[in-house]
Amino acid sequence: MAAAGTGMTERGSIPTLLDVAESAGVSTATVSRCLNFPDQVANRTREKVMLAVQELGYSPNFGARAMAARRTNTIGAVIPTMENAVFARGLQAFQEELRRHGFTMLVASTSYQPDVEEEQIRALVARGADALLLIGHDRDPDIYRFLAKQGVPALVTWAFDPASKRPSVGFNNRTAMQQMGAKVIGLGHRRLALISAPTAHNDRAMARHLGLQDAMADAGLGDDALQFIEAAYGVDDGAEAFAKLMQQPIRPTAIFCGNDVLAVGALRRAREVGIKVPADVSIIGFDDIELAQITYPALTTVHVPHREMGRCAAIALAGLIKDGRPIVPHELPTAPVFRETLGPVGQK
């Protein structure tokens, strides 16, 4: 119990929910709401409760809460990498929205390795994650069977496939690249290149490759009009891939990149070797992260609604866990963003 008038517990004792309630002058139910669903409590009451929590050094008994509620109010997010900003904006919005619904996010990174992804998924489930956010559909079916047996729902993001059995909140990578490809080809480009992430176990990269091929087919271009190179997702990787392409006997006039980070690397190498963009070659990114707006020249890219995707994914998972509301697959639009790295063929 809290010592009268001091807001402190007896020496050596562990503060309890009741101690916080008595110190703040509210019920234990109100304290619980403040900790789990703060937006549902009036500001003045929440401030009193949180002050008591701070003064007493109270920490909720996580195991007891989880057993009582049969859930932990945590959701795991398993992403391919933390080394660049591609996933950062969406995850930030995901976490912000989860918090509004009383959930905490746990993040794990896989380095684009399927075996590491499986380890991380199993570890998050073992730690009591109520649900998982996954990137893309492409993974071993045994993982989905494991999640089904454990009763842990999974939501796919950064991709959208209405035909999949797995619900997704994301965008159509193939359509997005097809639309950009059509715009570039429409400017007269017939010698194209694509710097892509490895397509094995990466349905997003594969879909973007297919989307560019769709645009080429629509324009009557054969497969020989495209030079294709796979690279890891990093600035240096983009620079090295760009150098290889520009050393070919027939240089491309437009280079598509699987994300903006690769495109920034390509732009850097072009500047280092004196190749003018877009006069000598156009460079196109994908994602429209903040970096794309401050490159020189400013990067033409495909805008992906990262924050809206993260927000919608959080709402979908919170609704499923708290209210049993089924997840409705939701496709978000992308759009070409034309800046300064794209120009017509022959522009000088």
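Quick caveat, the model's predicted, so the values are computed rather than measured.

Just to check I follow, could you spell out the packing of helix α5 (residues 88-100) against helix α13 (residues 306-323) for this structure?
Two quantities define a packed helix pair, namely the angle between the axes and the distance from one axis to the other. In the contact formed by α5 and α13, the axes pass within 7 Å of each other and the chain directions differ by 35°. At the point where α5 passes α13, the crossing takes the right-handed sense. Touching Arg-89, Gly-90, Gln-92, Ala-93, Phe-94, Glu-96, Glu-97 and Leu-98 of α5 are His-306, Arg-307, Gly-310, Arg-311, Ala-313, Ala-314, Ile-315 and Leu-317, all from α13. Grouping the constituent residues of the contact of α5 with α13 by class yields seven nonpolar, four polar and five charged.

Looking at this model, I keep getting lost on the sheet that holds strand β8 (residues 192-196). Mind explaining?
Backbone-to-backbone hydrogen bonds pair the strands of a sheet. The strands run either parallel or antiparallel. In spatial order, the strands read β9-β8-β10-β11; together these four strands make up an open sheet with parallel pairing. At either end of the open sheet lies a strand with only one pairing partner, and these are β9 (226-230) and β11 (282-284). Sheet twist, expressed as the average angle between the axes of neighbouring strands with direction ignored, equals 15°. Judged from the four bridges that link them, β8 and strand β10 (residues 254-257) form a sheet pairing that is parallel.

Even after reading the chapter, I still don't get the nonpolar core, so can you show me in this structure?
If you look at soluble globular proteins, the nonpolar side chains tend to sit buried side by side. Ile-75, Phe-94, Leu-192, Leu-212, Met-216 and Phe-256 are the most contacted members of the largest nonpolar core, which has 49 residues in total. Of all the elements in the fold, those that place two or more residues in this core are β3 (74-79), α5, β5 (131-135), α8 (173-186), β8, α9 (203-218), β10 and α13. At eight residues, the largest contribution of residues to this core is made by α13. Setting aside anything within four residues of it in sequence, one finds Leu-212 in contact with Met-177, Gln-178, Gly-181, Leu-192, Leu-194, Leu-226 and Phe-256. Counting residues in hydrophobic clusters, the runner-up holds 24 residues, among them Ala-205, Ile-229, Met-246 and Ile-283.

Looking at this model, I keep getting lost on the packing of aromatic side chains. Mind explaining?
Scanning the entire structure with this criterion turns up three aromatic pairs. An angle of 65° between the planes, with centres 5.1 Å apart, marks the rings of Phe-87 and Trp-158 as edge-to-face. You can see Phe-87 sitting in the loop between β3 and α5 and its partner Trp-158 sitting in the loop between β6 (154-157) and β7 (168-170), a full 71 residues away along the chain. Pair check on accessibility: Phe-87 and Trp-158 agree, each one buried. Lying across the ring of Phe-146, Arg-122 places its NZ or CZ 4.2 Å from the centre. The ring of Phe-286 carries Arg-208 above its face, with NZ or CZ at 3.9 Å from the centroid.

How do you make sense of the pairing of strand β4 (residues 104-109) when you look at a structure like this?
Relative to β4, β3 runs parallel, the two being bridged by six bridges. Paired with Val-78 across the bridge in β4 is Ala-108.

Any chance you could explain α9 here in plain terms?
Owing to its 3.6 residues per turn, the α-helix aligns residues three or four sequence positions apart on the same side. Between its first and last C-alpha, α9 extends 22 Å over 16 residues, near the 22 Å set by a 1.5 Å rise per residue. Turning to α9, its buried residues are Asp-203, Arg-204, Ala-205, Ala-207, Arg-208, His-209, Gly-211, Leu-212, Ala-215 and Met-216. Against the buried residues of α9 lie β5, α8, β8, β9 and β10. Of the residues flanking the start of α9, the one acting as N-cap is Asn-202, its side-chain oxygen 3.2 Å from the backbone nitrogen of Arg-204.

Teacher, can you tell me more about unusual backbone geometry here?
Residues apart from glycine generally show negative phi values, whereas peptide bonds are mostly found in trans. Here the bond from Val-277 into Pro-278 is cis, since omega is 10°, no more than 30 degrees from zero. Summarising the element assignment, Pro-278 is placed in the loop between α11 (260-273) and β11. Backbone geometry places Ser-111, a non-glycine residue, at a positive phi of 55°. Position of Ser-111 relative to the elements: it lies in the loop between β4 and α6 (114-126). Backbone geometry places Tyr-112, a non-glycine residue, at a positive phi of 60°. You can see Tyr-112 is positioned in the loop between β4 and α6.

Quick notes on the rules
- Residues numbered from 1 in each chain as written.
- Predicted model: local features only at pLDDT ≥ 70, side-chain atom pairs only at ≥ 80, totals over all residues.
- Heavy atoms only, no water.
- Axes fitted to C-alpha atoms, helices over the stretch in contact; angles between N-to-C directions.
- Helix = DSSP H or I, 4+ residues; strand = E, 2+ residues; numbered from the N terminus.
- Left-handed = near helix turned anticlockwise from the far one by under 90°.
- Contact = heavy atoms within 4.5 Å.
- Nonpolar A, V, L, I, M, F, W, Y, C, P; charged D, E, K, R; others polar.
- Pairing = 2+ DSSP bridges.
- Core = buried A, V, L, I, M, F, W, Y, C linked by side-chain atoms within 4.5 Å.
- Buried < 20%, exposed > 50% of the residue type's maximum accessible area, 1.4 Å probe, protein only.
- Phe/Tyr/Trp six-rings, centres within 6.5 Å; stacked < 30°, edge-to-face > 60°.
- Lys NZ or Arg CZ within 6 Å of the ring centre and 35° of its normal.
- Expected span 1.5 Å × (residues − 1).
- Polar contact = N/O pair within 3.5 Å; in protein donor to acceptor, adjacent residues only side chain to side chain.

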